[in-house]
Amino acid sequence: MAGTKEIRSKIKSVQNTRKITKAMEMVAASKMRRAQERMRSARPYSEKIKAIASHLAKANPEYRPAYMVVRELKKAGVILVSTDKGLCGGLNTNILRLITNQVREFKDKNVSIEFTAIGSKGLQFLNRAKAKLLSQSVHLGDTPHMDVLIGAIAAQLTAFERGEVDAVYLAYTRFINTMKQEPVLEKLLPLESSELNQEAGGGHGWDYIYEPDAESVLNGLLKRYVEALIYQAVAENMASEQSARMVAMKAASDNAKNVIGELQLIYNKTRQAAITKELSEIVAGAAAV
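Computed from a predicted structure; not experimentally measured. (Residues numbered from 1 in each chain as written. Predicted model: local features only at pLDDT ≥ 70, side-chain atom pairs only at ≥ 80, totals over all residues. Heavy atoms only, no water.)

### Considering unusual backbone geometry
Both trends apply: most residues other than glycine have a negative phi, and most peptide bonds are in trans. Looking along the chain, the bond that leaves Leu-189 and enters Pro-190 is cis, with omega of 0°. Here Pro-190 lies in the loop between strand S5 (180-189) and helix H5 (193-200). If you check the backbone angles, Lys-130 has positive phi at about 55° while not being a glycine. (Helix = DSSP H or I, 4+ residues; strand = E, 2+ residues; numbered from the N terminus.)

Below is the structure:
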């Protein structure tokens, strides 16, 4: 059995660890609230631009935007959204497992893949897997900025416009609530009229006059729509990250408290055994005299 000095050292070490995890839990809780507010504040813009895009899709103009051209799937682009930091439970593990399964399905269909990594953890995973990397964006901080994301996003959008990839998918962790986050893989491009028309509603038609022309207006609008979808995904992923980190740090703090209690019990038993032994030796010595 370990000595009392060694046990006291272990208790002190676990107490220090618990202070760190408790502080990280409180920081994550504060950041989580801000991330949720940011996520919700981005929704009205994405919903409005989707409604406008759906109205234009229902108008059925003569020009068909490049983002709505459907091709046979031979090469896919995947935008993988992950976190820059760890200590957030199984958040990254779940989305990377989803990507691994999807890559296996694509390989079975002889579909090649080009990746865009948003977040350091996803980038490290893709480098270890020796996947083909088209672009990357890391060290996003606690707030997503479109000017930081736009470079990595534009690489995939340009590849689709040029026909270098036939479809673009978006993988991220959707925020459900504080205790639940769901990894999802969504088809981003090509945009399908049926999905956009869900927002249009009603049985009446739409008629627009385009200035300068339908090509410029539709391409610009749909590009902003896709960028809004990606920004919303990154915002939801950040909210999920802070929620998962808060829950993980709370569990770590609770476990540390339990370990401290167990070590304290062992320390008391060891100390009591040492005292009993000393008393027995004193009594035995006195009896011998």
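### Remarks on the pattern of salt bridges
For the coordinates displayed, the defined rule picks out 12 salt bridges. In this structure, Lys-132 and Glu-114 form a salt bridge, with 3.0 Å as the shortest nitrogen-oxygen distance. Remark: Glu-114 occurs in strand S2 (residues 112-118) and Lys-132 occurs in the loop between helix H3 (120-128) and strand S3 (133-137); sequence separation between them is 18 residues. Judged by its relative accessible area of 49%, Lys-132 is partly exposed. Ionic pairing is found between Arg-174 and Glu-186, a salt bridge with its closest N-O pair at 2.5 Å. Placement of Arg-174 in strand S4 (residues 167-177) and of Glu-186 in strand S5 is noted, with a sequence separation of 12 residues between them. Counted as one network, the salt bridges with shared partners bring together Lys-75, Glu-114 and Lys-132. (Salt bridge = Lys/Arg side-chain N within 4 Å of Asp/Glu carboxyl O. Buried < 20%, exposed > 50% of the residue type's maximum accessible area, 1.4 Å probe, protein only.)

### Observations regarding the pairing of S5
When S4 meets S5, the two strands line up antiparallel, connected through 9 bridges. Within the sheet, the bridge partner assigned to Arg-174 lies in S5 and is Glu-182. Between S4 and S5, which pair antiparallel and follow one another directly, the connecting turn spans 2 residues. (Pairing = 2+ DSSP bridges.)

### Overview of a nonpolar patch on the surface
On the surface, a nonpolar cluster with roughly 280 Å² of combined accessible area is contributed by Ile-275, Leu-279 and Ile-282. Tracing the sequence through the fold places Ile-275 in helix H6 (residues 214-288). (Patch = residues over 30% accessible without salt bridge, like charges linked within 9 Å, V, L, I, M, F, W, Y side chains within 5 Å. Areas by Shrake-Rupley, 256 points an atom, 1.4 Å probe, with all protein chains shown as cover.)

### Things to note about the side chain of Glu-236
By secondary structure assignment, the location of Glu-236 is in helix H6. A relative accessible area of 8% means that Glu-236 is categorised as buried. Setting aside its immediate chain neighbours within four residues, Glu-236 contacts Met-39, Arg-43, Tyr-172, Thr-173, Arg-174 and Phe-175. (Contact = heavy atoms within 4.5 Å.)

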